[in-house]
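# Structure assessment
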Amino acid sequence: MIRVENLTKNFGKLQVLKGVTEEIRQKEVVSIIGASGSGKSTFLRCLNMLETPTGGKIYFHNVDLTDKKVDINVHRQKMGMVFQHFNVFPNMSVRENITMAPTLLNKKTAAEAERLSEELLRRIGLWDKRNVRPTKLSGGQKQRLAIVRALAMEPEVMLFDEPTSALDPEMVGEVLVVIKELVETGMTTVIVTHEMGFAREVSDRILFMDDGVIAESGSPDQIFYNPQNERTKDFLSKVL
Amino acid sequence: MIETMFMLFLKYRGLFLEGVKYTLLLAFITVGIGTVIGTLLALCKMCRIKPISFLASVYIEVLRGTPLLLQLYLFYFLVPQILPWEPSKFTCVSTALVLNSSAYVSEIIRAGIQAVDLGQMEAARSLGLSTAQAMRKVVLPQATRNILPALGNEFVTDIKETSLASTFFLGDLMTTYRTINGALYLTLEPLIIVGIIYFILTFSLSKLIAYSEWRMAAND
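This structure is a prediction, so every number in the text was calculated from the model and none was measured.

The helix and strand inventory of chain A stands at nine helices and ten strands. Taking 240 residues into account, the globule formula puts the C-alpha radius of gyration at 18 Å, and chain A, at 18 Å, falls close to it. Viewed in the frame of its principal axes, chain A has a C-alpha envelope of about 55 × 45 × 35 Å. When burial is assessed residue by residue, chain A has 57% of its 240 residues classed as buried.

So this is what it looks like as structure tokens:
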């Protein structure tokens, strides 16, 4: 579904991605782990071109997203993204956060979007908050809202960029539950995370990134119980 | 002296009122059109195309870096030479005021937009919105909250700055002073009256702005 070929990204003189080649298949759940500064967030943000790659190709359904002639907005509609800092829209009500994009981009009529927002808000238990501004929500509630906001576009793949890193510990669980339910519906998912237990539980595959490359890739069992790469062993010994 | 002031005010209240009208009209035109031009300027300055952002910067820096009085003189003599028709004094002077204000307003707007968290733009783009759509639906509504109070203060500043228009006898409040001063050879009394009126205008506006800011914060 997403194919990445020899992806590089420089920020000034600093090379953050040093040639990443990878493929995310339909319905696959992939977690990316690794130390801070290893390039995992940059890699994820390149997948929907929020970062413009310095070199390499990104194919989404065989369309090269790095091609300047490609209308990236059309493809982004099929790639939902959830951010570390939620980025819910404070100038809209909770409900409008969900309905704005689908109606503006003509994916749904106003009535359809309303119905969908009700379904989504009931699913995450925020229906009674539908008319308040998201500034009134807790961190966990904001992140759950951010997840269903992305889902309202009915994406084919969901990208999570450290979705629980900015949360108070007692709110991590409620967000992970929503992600887990989503994964169980068969959604293709890529998660950058520090939640090792969660990654092991939900992932089909784990990518361990180190110093701008994917140092090791494999099933959760392989990576967590039988890592081959010295760096992977070293990293896991520190975090597990 | 206070007696004279009362008499003056009563006798010439029509003239003072006329002055207030022109001063407010000038300030309103200045901020109103200045905001439209200033918004475009701010967008130009933030534009990724280098020559456009460079030209916008030059415009802003020059207009903020030279005296308003000089600009008034300049446009007073320049505008009639540029326009194919004979422009009124009012047109020339308000052109200078508008252009000057647009430079300040553009910086207010740029700061207001840049104060919005970058993540807001990213989140909107990640949903598939174009930059323009994200600006319109997400960034600008939030920037407006930062911009409006500063714009109100710009209006207050402009009320005071329009007094320079009296250099060309434009009918603003300061012109009223010059008229009375010229007719009666009275200096202090009309000056104090005009000062009090200016103060009432700016003070009540400032309070109004502070109140609406407080209301906006309370609504959040």
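Once that is clear, we can look at the overall build of chain B. For chain B, the count of helices and strands is nine helices and zero strands. In chain B, the succession of helices and strands from N to C terminus is α-α-α-α-α-α-α-α-α. Overall, chain B is about 70 × 50 × 25 Å in size when its C-alpha atoms are taken along their principal axes. Counting over 220 residues, chain B shows a buried share of 44%. Accessible surface computed for chain B: about 11800 Å², of which carbon and sulfur atoms make up 69%. Taken together, the 17 basic and 14 acidic charged side chains of chain B have centroids lying 6 Å from each other.

This brings us to the side chain of A:T164. Its location among the elements puts A:T164 in the loop between β7 (157-161) and α6 (169-184). Once you skip the residues sitting within four places of it in the chain, A:T164 turns out to touch A:V172, A:V175, A:L176 and A:E195.

A few words on the interface of chain B and chain A. The interface of chain B with chain A comprises 19 residues on the first partner and 25 residues on the second. Buried surface at the junction of chain B and chain A, summed over both partners, amounts to about 1800 Å²; 58% is from carbon and sulfur atoms. Summed over the shared surface of chain B and chain A, the number is six residue pairs in polar contact (both at pLDDT 80 or more). For the side of chain B that touches chain A, the elements supplying multiple residues, two or more each, are α6 (118-126) and α7 (131-161) of chain B.

A few words on the pattern of salt bridges. Residue and element names in this part refer to chain A. Tallying each qualifying case throughout the model produces 21 salt bridges over all chains. Residues R3 and E5 are paired through a salt bridge, measuring 3.3 Å at the closest nitrogen-oxygen approach. Its relative accessible area of 27% is what places R3 among the partly exposed residues. The class of E5 is partly exposed, set by a relative accessible area of 30%.

Another point: the pairing of strand β8 (residues 188-192) of chain A. Residues and elements named next belong to chain A. When you tally the buried positions in β8, you get five out of five residues, the bulk of the element. Residues T188, V190 and V192 point to one face of β8 and T189 and I191 to the other, with burial holding for every one of them. Examined bridge by bridge, strand β3 (residues 29-34) and β8 share four bridges and lie parallel to one another. Bridge pairing in β8 links V29 to T189. Looking at chain direction, β7 and β8 are connected through five bridges and run parallel.

Moving on, we get to unusual backbone geometry. One non-glycine residue, A:N87, adopts positive backbone phi at about 55°. By secondary structure assignment, the location of A:N87 is in the loop between β6 (79-82) and α3 (94-104). The exposure class assigned to A:N87 is buried, which follows from its relative accessible area of 6%. Of note, B:Y185 is a non-glycine position whose phi angle comes to about 55°, a positive value.

Membership of the largest hydrophobic core comes to 74 residues, with the highest contact counts inside it found for A:I2, A:L7, A:F43, A:L47, A:L65, A:F89 and B:L129. At ten residues, the largest contribution of residues to this core is made by α7(B). In this structure, A:L137, A:I147, A:L167 and A:V178 belong to the second largest nonpolar core, which totals 35 residues.

Going through the model one piece at a time under the given rule, you end up with ten aromatic pairs over all chains. Taking the centre distance of 6.5 Å and the plane angle of 20° together, the rings of B:Y73 and B:F77 count as stacked. Residue B:Y73 and its partner B:F77 are both found in helix α4 (residues 68-82); the two are separated by four residues, about one turn of the helix. Through a chain of ring-to-ring contacts, three or more aromatic side chains come together here, namely B:Y73, B:Y76, B:F77 and B:F168. Between the NZ or CZ atom of A:R3 and the centre of the ring of A:Y59, over which it lies, the distance is 4.5 Å. Of note, A:R200 hangs over the ring of A:F224, and the distance from its end group to the ring centre comes to 5.3 Å.

A few words on the sheet that holds strand β1 (residues 2-11) of chain A. All names here are of chain A. Here four strands make up an open sheet; going across it, the order is β2-β1-β4-β5 and the pairing antiparallel. One side of each edge strand has no neighbouring strand; the edge strands of this open sheet are β2 (14-24) and β5 (63-64). As defined by bridge partners, β1 adjoins β2 across eight bridges and the pair is classed as antiparallel. Looking across to β2, one finds that F11 is bridged to L14. Contacting β1, β2 and β4 (55-60), helix α1 (residues 40-47) crosses the sheet at an angle of about 120° to β1.

All names here are of chain A. Locating M187 in the fold gives a position in the loop between α6 and β8. For the pair M187 and F43, spaced 144 residues apart in sequence, the C-alpha separation works out to 20 Å. In this view, M187 contacts E28, V29, L151, P155, E156, V157, M158 and L182; residues no more than four positions away in its chain are not counted.

All names here are of chain A. Structurally, R144 is set in helix α5 (residues 139-151). Separated by 2.8 Å, the side chain of R144 and the backbone oxygen of I124 make a polar contact. Once you skip the residues sitting within four places of it in the chain, R144 turns out to touch I124, E174, V175 and V178.

Residues and elements named next belong to chain B. End to end, α4 covers 20 Å across 15 residues, agreeing with the expected 21 Å (1.5 Å per residue, within 8%). The sharpest bend along α4 reaches about 30° and sits at F75. Burial in α4 covers these residues: L68, Q71, L72, F75 and V79. Buried-residue contacts for α4 involve α3 (50-65), α5 (89-114) and α7.

How each quantity is defined
Residues numbered from 1 in each chain as written. Chains lettered and ligands numbered in written order. Predicted model: local features only at pLDDT ≥ 70, side-chain atom pairs only at ≥ 80, totals over all residues. Heavy atoms only, no water. Helix = DSSP H or I, 4+ residues; strand = E, 2+ residues; numbered from the N terminus. Rg over C-alpha atoms; globule rule 2.2 N^0.38 Å. Buried < 20%, exposed > 50% of the residue type's maximum accessible area, 1.4 Å probe, protein only. Areas by Shrake-Rupley, 256 points an atom, 1.4 Å probe, with all protein chains shown as cover. Lys, Arg positive; Asp, Glu negative; His and termini not counted. Charge placed at Lys NZ, Arg CZ, Asp CG, Glu CD. Contact = heavy atoms within 4.5 Å. Buried area = accessible area lost by both parts, 1.4 Å probe. Polar contact = N/O pair within 3.5 Å; in protein donor to acceptor, adjacent residues only side chain to side chain. Salt bridge = Lys/Arg side-chain N within 4 Å of Asp/Glu carboxyl O. Pairing = 2+ DSSP bridges. Core = buried A, V, L, I, M, F, W, Y, C linked by side-chain atoms within 4.5 Å. Phe/Tyr/Trp six-rings, centres within 6.5 Å; stacked < 30°, edge-to-face > 60°. Lys NZ or Arg CZ within 6 Å of the ring centre and 35° of its normal. Axes fitted to C-alpha atoms, helices over the stretch in contact; angles between N-to-C directions. Expected span 1.5 Å × (residues − 1). Bend = angle between axes of the 7 residues up to and from the residue.

Such coordinate-based values are descriptive only and should not be taken to indicate function.
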